[in-house]
Amino acid sequence: MKKIAIVLASAGLILAILAQYALVNDWMWFKVFHTLGFIGYILIISGLACFCLWLIHQFSRDEKNRIKRYYHRQHDESEVNTAQR
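What this report covers is the structure whose coordinates are included nearby. Just so it is clear, the structure is predicted and the values come from calculations on it, not from any experiment.

1. Here we look at the overall build of the chain
Reasoning step 1: In terms of regular secondary structure, the chain is built from 2 helices and 0 strands.
Reasoning step 2: For the chain, restricting intrachain contacts to residue pairs at least 6 apart in sequence, the fraction spanning at least 24 positions comes to 66%.
Reasoning step 3: Per element, the accessible surface of the chain, about 7200 Å² overall, is 68% carbon and sulfur.

Laid out in structure tokens, this is it:
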């Protein structure tokens, strides 16, 4: 998922730069490149959103593992305490 985000953001960045270049140099097909630049901005935002989702997924997975370890350790300690009684 991280690779997809990087590819989307990179493609969007290239299209946005191309559109800006077309604007500055008064290209004849400026409207086409302007539309491509808008699509580029959408791709950049989509790529960042994919990357953020991947990052949130990683954080939640790490948190789930931490919680599992905590409760297993707590359960093991309670078994030891009941065995000692």
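2. Thoughts on unusual backbone geometry
Reasoning step 1: Phi at D26 takes a positive value of approximately 50°, unusual for a residue other than glycine.
Reasoning step 2: One can find D26 in the loop between helix 1 (2–24) and helix 2 (30–84).
Reasoning step 3: Judged by its relative accessible area of 66%, D26 is exposed.

3. Considering the packing of aromatic side chains
Reasoning step 1: Per the stated rule, a full pass over the model turns up 3 aromatic pairs.
Reasoning step 2: Both rings, one in Y21 and one in W27, keep their centres 5.3 Å apart while their planes meet at 80°; by these two values the pair is edge-to-face.
Reasoning step 3: Measuring from ring centre to ring centre gives 5.0 Å for W27 and F33, while their planes differ by 70°; the resulting arrangement is edge-to-face.
Reasoning step 4: An aromatic cluster is defined as three or more aromatic residues linked by ring pairs; in this entry it consists of Y21, W27 and F33.

4. Comments concerning a nonpolar patch on the surface
Reasoning step 1: Side chains of M28, W29 and V32 sit close together on the surface and give an oily, nonpolar patch of about 410 Å² of accessible area.
Reasoning step 2: You can see M28 is positioned in the loop between helix 1 and helix 2.

5. A closer look at helix 1
Reasoning step 1: If you check helix 1, its first and last C-alpha atoms are 33 Å apart, about what 23 residues at 1.5 Å a residue would give, namely 33 Å.
Reasoning step 2: A5, G12, A16, A19 and A22 are the residues of helix 1 that are buried.
Reasoning step 3: D26 sits one or two positions beyond helix 1 and adopts a positive phi of about 50°.

6. Re the environment of A22
Reasoning step 1: On the secondary structure map, A22 appears in helix 1.
Reasoning step 2: On the basis of relative accessible area, A22 is assigned to the buried category, the value being 0%.
Reasoning step 3: Setting aside residues up to four positions removed in sequence, A22 forms contacts with W27, F30 and F33.

7. Some words on the environment of F30
Reasoning step 1: The topology assignment puts F30 in helix 2.
Reasoning step 2: Put simply, F30 and Q20 are 10 residues apart on the chain and 9.5 Å apart in space, counted from C-alpha to C-alpha.
Reasoning step 3: In contact with F30, other than residues within four places in its own chain, are A19, A22 and L23.

What counts and what doesn't
- Residues numbered from 1 in each chain as written.
- Predicted model: local features only at pLDDT ≥ 70, side-chain atom pairs only at ≥ 80, totals over all residues.
- Heavy atoms only, no water.
- Helix = DSSP H or I, 4+ residues; strand = E, 2+ residues; numbered from the N terminus.
- Contact = heavy atoms within 4.5 Å.
- Areas by Shrake-Rupley, 256 points an atom, 1.4 Å probe, with all protein chains shown as cover.
- Buried < 20%, exposed > 50% of the residue type's maximum accessible area, 1.4 Å probe, protein only.
- Phe/Tyr/Trp six-rings, centres within 6.5 Å; stacked < 30°, edge-to-face > 60°.
- Patch = residues over 30% accessible without salt bridge, like charges linked within 9 Å, V, L, I, M, F, W, Y side chains within 5 Å.
- Salt bridge = Lys/Arg side-chain N within 4 Å of Asp/Glu carboxyl O.
- Expected span 1.5 Å × (residues − 1).

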